[in-house]
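Commentary on secondary and tertiary structure
Take a look at the letters that make up each chain.
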Amino acid sequence: MGDSAILSVSKNYKKSVGKLTCLNNEIDPNEPFTINNSSDEQVTGSGFFIRVKDLYLPKKMAKNRYLITNAHVVEGASTRRINISFPHLGDTTLWGNVILACRSLDFAIVEVSSENNTHLEKEIGQSFADIFKTIPFVKVSSKPVNTNNELAKSVIAIGYPHDSHDCHISSGKISGKHEHYLQINASINGGNSGGPLFDEDGVCIGICAASFEDSEGITLAVEWHNVNKMLRHYWEQNDETFVIDPPCLGVITTRLIDAYAVTKLKDTTVKGALVTHSFKTSCLKKIKTGDVIMSIGDHKWEYDIDRSGNVTIPFQHDKVKYYSLNVLLLLDPTTCFVRVYTNGKRKTYNFTLSQLEGTVRHVMPALEPIQCISFAGMIITQLTKNHMEEVSEELDPNIINFFTKTHGSEKAIVVSNFHVPCCALQQGYHIKRLTIIKKINRKKVTEIEALRSLLTDLVQKYIENKGGPSAIKTRYIEIETVDEKIILDLQLAFELEVLLNMCPNYPSEISMLSNLMPDEPPKKKRKY
């Protein structure tokens, strides 16, 4: 790369890139109300501003400014508040709020508004609008990077490595793709995360994201084409949508063995991936176990699937899985189709590519709280993939069987931790962490809100009938797990709740029994 290209990018866009500082809270998924590290620990990264139209936001939002960074930079910002600084502004900083994050593709959007930055005129005598006249927008490219034709193409990265106070520029070359990331031969260090990756023309083609721990000089970048596709097709812009997930076909497939084609399909010419499991909320609603998916495409492309489930796409030389983001984010979601071998016939099914609903997700606990309650000394949470990051002998082995059988296609609630004295343990039951709760008094439960409502009704009935003729009937709650039925004694649970509330780390604010515990009647004064 020539010095002129580096100088041009530096001149035009160095002031576009800000240094981000925010909280880095680590939330325990087993006790999602607990911060594992120091509550004031901070992390730094980089970010850059782009136009509203490049985010597919309505024009009325153009009064604010929008910064792009990595999701992993802001994922610990439990307040969603981000500090943004620029060398040319000195010690004056801007404040922004995270409005969107995508963990799978590692990008986030931070909104910077004049309402949150009223201090600017007092500190440096410039208005919000005047300051942003000094911060140019970065131009982005929505086209996929073709590593077949553009291998060894020169690129430029801008960011703040190692918590630097000044913006640094580094250069390298595209060396290929790693999963859905661009792979760059350049040494980009911590703090560069979230900064833009430019081509020689000064157009942003990606977001610097990560590096390999064991390899120096190799960097991964999120391709802007993929971010563009997510924002355009998979972001429902409303107050409830904060974290977005990429599209998913919702089927599990395996290698199609020739012996299976001979004996079961009775057709050795069939090529494709054999379906072994289909999610209830899959966008491929007509696909069933035993079908063979032979190809996938849209109005523009069609990719033939080999018996290992791989396809060849025009933008990289190596084969990739047909269900990978490399493929799905190339497709127009509204004109998708698959060609399938089913019941001895070849059929074409049209479908709309979408995100999966009602499944076990990998969440960002600091940004999207995990639903949980405390009940009789048990912490019960909505099951997430985060719970499986640390597998140990202390866990209920049935949780592994659950994921093996369902592939995370069904929601579940689990006992994620205990506080002593725990009622069920005191009664003699042996419950392990991540024990799945299937039913309460024979009613199936898979979500925390449904569990909360059901337990509230049962506990209130016990309180109302305490001492009455039906007291025994309402005193006990049947909790069904995979292996056993636990008969929980509410009378004992209330007695132990008093002791639990004396423990300094007990989360009484989310304890159902503490919140439903009846006030003790005032004691009568003794007459003398």
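Relevant structure appears above.
Residues numbered from 1 in each chain as written. Predicted model: local features only at pLDDT ≥ 70, side-chain atom pairs only at ≥ 80, totals over all residues. Heavy atoms only, no water.

**Details of the nonpolar core**
Looking at soluble globular proteins, one finds that nonpolar side chains tend to be buried together. Rules: Working definition of a nonpolar core: buried Ala, Val, Leu, Ile, Met, Phe, Trp, Tyr and Cys residues. They are joined through side-chain atoms within 4.5 Å. Exposure categories follow from relative accessible area, calculated using a 1.4 Å probe and restricted to protein chains: below 20% of the type maximum is buried, above 50% is exposed, and the middle band is partly exposed. When checking whether two residues touch, look at their non-hydrogen atoms; a contact exists if any pair is within 4.5 Å.
In this structure, Phe107, Leu249 and Ile296 are the most contacted members of the largest nonpolar core, which totals 63 residues. Leaving out residues up to four positions away in the same chain, Ile296 has contacts with Leu249, Glu302, Tyr303, Ile305, Tyr322, Val327, Leu328, Leu331, Phe337, Val338 and Phe351. Ranked by size, the runner-up nonpolar core spans 34 residues in total, among them Ile373, Cys422, Leu455 and Leu490.

**Describing a nonpolar patch on the surface**
Rules: Patch rule: a residue counts if its relative accessible area is over 30% and it has no salt bridge; like charges are joined within 9 Å, and nonpolar side chains (Val, Leu, Ile, Met, Phe, Trp, Tyr) within 5 Å. Each accessible area is a Shrake-Rupley result for a 1.4 Å probe, and residues are judged covered by the shown protein chains and nothing else. Salt bridge, as used here, is a side-chain nitrogen of Lys or Arg placed within 4 Å of a carboxyl oxygen of Asp or Glu. To qualify as a helix, a DSSP run of H or I must reach at least 4 residues; to qualify as a strand, a run of E must reach at least 2; elements of each kind are numbered from the N terminus.
Together, Ile472, Tyr476 and Ile487 line one region of the surface with nonpolar side chains, adding up to about 260 Å² of accessible area. On the secondary structure map, Ile487 appears in strand 29 (residues 485-489). The exposure class of Ile487 is partly exposed, given its relative accessible area of 32%.

**Structural notes on the pairing of strand 5 (residues 65-69)**
Where a strand is regular, its side chains alternate between the two sheet faces. This is how the line gets drawn: Paired strands are those between which DSSP finds at least two bridges.
For strand 5, the tally of buried residues reaches five of five residues, placing the bulk of the element in the interior. Across the two faces of strand 5 the burial is the same, with Arg65, Leu67 and Thr69 and Tyr66 and Ile68 all buried. Where strand 4 (residues 42-50) meets strand 5, three bridges bridge the pair, whose relative direction is antiparallel. Note on strand 5: the bridge partner recorded for Phe49 is Leu67. Note that strand 5 and strand 8 (residues 107-112) share five bridges and pair antiparallel. Within strand 8, the residue paired with Arg65 across the bridge is Val112.

**Considering the side chain of Asp291**
Under the convention used in this document: Within 3.5 Å is the distance limit for a polar contact, defined as a pair of N or O atoms, with the added protein rule that one can donate a hydrogen and the other accept it, and that residues adjacent in sequence qualify only through two side-chain atoms.
With respect to the secondary-structure elements, Asp291 resides in the loop between strand 16 (273-278) and strand 17 (292-297). Its relative accessible area of 2% is what places Asp291 among the buried residues. Polar contacts involving the side chain of Asp291 include one to the main-chain amide nitrogen of Lys288, which spans 3.0 Å. Among the polar contacts made by the side chain of Asp291, one reaches the side chain of Thr342 at a distance of 2.8 Å. Filtering out sequence-adjacent residues up to four positions away, Asp291 remains in contact with Ala273, Leu274, Val275, Lys286, Val340, Tyr341 and Thr342.

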